[in-house]
Amino acid sequence: MSTLEIRGLKVSVDTEQGAVEILKGVDLTIKSGETHAIMGPNGSGKSTLAYSIAGHPKYTITEGTVTLDGEDVLEMSVDERAKAGLFLAMQYPVEVPGVSVSNFLRTAATALRGEAPKLREWVGEVKSAMESLKMDASFAQRNVNEGFSGGEKKRHEIMQLELLKPKFAILDETDSGLDVDALRIVSEGVVRAKAANNHGILLITHYTRILKYIKPDFVHVFANGRIVEEGGPELADKLEAQGYAEYVTA
Amino acid sequence: MSSLQSNVLENHTPTGREEAWRFTPLKRLGGMHDGSATAVERHSLAVKGALPTGATFSHQEIEAVTQTDDVIVNRVRQFTNKAAVLAIAPNAEIAEPIMLNRTSFGTDSAEFSRVQIKAGNHSKSVVVIENTGDSHLAEDLEIVVEPGAHLTFIALQEWGSKTIHAARHHAVVDRDATFKSIVVTIGGDVVRLLPTVDFIAPGASCDLSGVYFATAGQFFEHRMFVDHKVPNAKSRVNYKGALAGDKAHTVWIGDVFIRAAAEGTDTYELNRNLLLSDGARADSVPNLEIETGEIVGAGHASTTGRFDDEQLFYLMSRGINMDDARRLVVRGFFNEIVSEIGIEEIQERIMARIDGELAKAGK
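Residues numbered from 1 in each chain as written. Chains lettered and ligands numbered in written order. Predicted model: local features only at pLDDT ≥ 70, side-chain atom pairs only at ≥ 80, totals over all residues. Heavy atoms only, no water.

Draft legend 1. The arrangement of the packing of aromatic side chains in detail. Following the criterion strictly, the structure yields eight aromatic pairs over all chains and no others. Relative to A:Phe148, the ring of A:Phe139 has its centre 4.5 Å away and its plane inclined at 45°; by these criteria the two rings are tilted. The interplanar angle of 65° and the centroid separation of 5.7 Å between the aromatic rings of B:Phe79 and B:Phe112 together place this pair among those described as edge-to-face. Here B:Phe79, found in helix α1 (residues 71-79), pairs with B:Phe112, found in strand β6 (residues 106-119); they are 33 residues apart in sequence, far enough to count as distant. Under the relative-accessibility criterion, B:Phe79 is labelled partly exposed at 34%. Taken together, A:Tyr51, A:Tyr59 and B:Phe313 form an aromatic cluster joined through their ring pairs. (Phe/Tyr/Trp six-rings, centres within 6.5 Å; stacked < 30°, edge-to-face > 60°. Helix = DSSP H or I, 4+ residues; strand = E, 2+ residues; numbered from the N terminus. Buried < 20%, exposed > 50% of the residue type's maximum accessible area, 1.4 Å probe, protein only.)

Here it is in structure tokens:
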């Protein structure tokens, strides 16, 4: 059983007008096997929360703590956070020209597992992850995210989730830009990975439609840089019916 | 021919004010340009391994195929008529690469060397020259690609740190022939190469690509000139470079001239540089001069940038440490061109050397 604990997290970014505070004190605790949905309007700071936990250099932590089983995550470099068990599925996965998916995945698995996976078993693992996400075998030879469609990028992210087996998965708007079929395939991948690894999930989304496939245990409404309301799955139904208006005008 | 005339090099001792020499550190050329070098005839270029059927290699007295205004090439020609000649027989299709190499011979004198490579009509071949060790080398290398021939020419500058190498690789490409060159410059003190192409009949094409990696104090210059003077020829230029360390300096000049007669020309040139540290300097100057509007396309692009933080973040967020992430990005950057070499052993060797240069450069 692992615990990811966020306490009083305040985060700012540098702009031409000086530092702007985006997160204004976030408290959140996620345990293994739990699925937390963070829902909120655009610009509320949901993605900033995701990237801050993963350690993106653009964001400055001004106050608060993030710990994973008591270890100080904020002291860790980006790769150390991944090694500690954090995984961020990005909304806009980055193209890395000239680096094949196959080379990238093997390098990542080697780094996270501390040794190179045995070739034969690894090939089988990758093949089965690709097949379950309905990806063509030629995918492995393409360059990372280069020329991928929106759906292919998201499948590639979730394939990594399945292969890299983190303790906590942060899914940043994984549903955005997906059609109904792709949404189902990607969501099934998330559910399958969780069934296999029992990791905690922080699911960041604007819409409720992905929650039909990935059932949240907890729903947090995010507005203006903090959590403004919390509840169970029924809160998502309320948002579906009423939208974010009452939180935005507050 | 107006501004591009400046690419044609003056036939006198350069002062550094000439367009063709304005980036070059003349004092570091070992006197090759001003006649003060101790010129010797050494014929260090040799066949490595066995020569495949269809190819012959010999030393002969020759006439130059082309004129040049490059002062170093002219000094080489005045010094000797004897050249290493590699001939590929007409219609020969040679699958295995023809390997030539030069090895170290010291730096107290300069080898003035002439080379001719002739790809006979409708032949198909790959020629590789490996340059290793520490040398002073002034080289006049002429390449003749006869009608319908396909030649891939790979020049590897894997020199030691004391080498001074000035060379012109001039290709004359005939009707429906294709010339592909891949230049790799990852060693040497001063390396100045002039990959130039003359199209002499319609339907010819060339693909000039290259990679270079300069670390502290190294100067690498690659100066192309593609002369479209006949209709319906096609040229592509793609050079990629990385620089790291104090006073690492690279120069890429891409001159393309589309003369009035060259209707139907299709040309594109690209140079990209990756600056891996402060104190390094990449000069990148594409020049396109067009005398006819009746062309298929003409364009160029040049970019110089640093590591993309988003790429490094993405890789590191998957557990890959900073050094490995940088190595992946740099390998990826060069892979597009290095993978074109098509000889696994050489590709691995080049990539390993690039890893080494990157490690040497530090953070």
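Draft legend 2. Quick peek at the interface of chain B and chain A. On the chain A side, the residues contacting the 16 residues of chain B number 33 residues. Carbon and sulfur atoms supply 70% of the area buried between chain B and chain A, which totals about 1900 Å² over both sides. For the chain B face of the interface with chain A, the top three residues by lost area are B:Phe313, B:Tyr314 and B:Arg318, together amounting to 42%. Our enumeration of links across chain B and chain A arrives at one salt bridge. When the shortest N-O distance is used, the salt bridge between A:Glu157 and B:Arg318 registers 2.7 Å. Inspection of the chain B/chain A interface yields ten residue pairs in polar contact (both at pLDDT 80 or more). Secondary-structure elements contributing two or more residues to the side of chain B that touches chain A are α2 (309-316) and α3 (322-338) of chain B. No other element matches the six residues that α2(B) contributes to the side of chain B that touches chain A. (Contact = heavy atoms within 4.5 Å. Buried area = accessible area lost by both parts, 1.4 Å probe. Salt bridge = Lys/Arg side-chain N within 4 Å of Asp/Glu carboxyl O. Polar contact = N/O pair within 3.5 Å; in protein donor to acceptor, adjacent residues only side chain to side chain.)

Draft legend 3. Structural context of the nonpolar core. Counting 113 residues, the largest nonpolar core has A:Leu49, A:Met159, A:Leu171, B:Phe213, B:Leu276, B:Val330 and B:Phe334 as its most contacted members. Ranked by residues supplied to this core, first place goes to α3(B) with eight residues. Sequence-distant contacts of A:Leu49, defined by excluding residues within four places in its chain, comprise A:Ile6, A:Leu9, A:Leu23, A:Val26, A:Ile38, A:Leu202 and A:Phe222. B:Leu45, B:Ile143, B:Val230 and B:Trp252 belong to the second-largest nonpolar core, a separate cluster that totals 54 residues. (Core = buried A, V, L, I, M, F, W, Y, C linked by side-chain atoms within 4.5 Å.)

Draft legend 4. Layout of the sheet that holds strand β5 (residues 71-72) of chain A. Residues and elements named next belong to chain A. The strand order across the open sheet built from four strands is β2-β1-β4-β5, with neighbouring strands paired in antiparallel fashion. Strands at the two margins of the open sheet, each flanked by one partner only, are β2 (18-31) and β5. The pairing of strand β1 (residues 3-15) with strand β4 (residues 59-68) spans eight bridges and is classified as antiparallel. For Glu-5, the partnering residue across the bridge sits in β4 and is Thr-67. (Pairing = 2+ DSSP bridges.)

Draft legend 5. Fine view of the pattern of salt bridges. All names here are of chain B. Summed over all chains, the structure comprises 40 salt bridges over all chains. In this structure, Lys-180 engages Asp-207 in a salt bridge whose closest nitrogen and oxygen atoms are separated by 3.8 Å. Here Lys-180, found in strand β11 (residues 178-187), pairs with Asp-207, found in strand β13 (residues 205-214); they are 27 residues apart in sequence, far enough to count as distant. Overall, Lys-180 belongs to the buried group, its relative accessible area being 18%. For Glu-336, the salt bridge identified is with Lys-240, shortest N-O distance 2.7 Å. In this pair, Glu-336 sits in helix α3 while Lys-240 sits in strand β15 (residues 234-243), placing the two residues 96 residues apart along the sequence. By relative accessible area, Lys-240 is classed as buried at 4%. Three or more residues joined by partner-sharing salt bridges are found here, namely Lys-48, Glu-130, Glu-158 and Arg-349.

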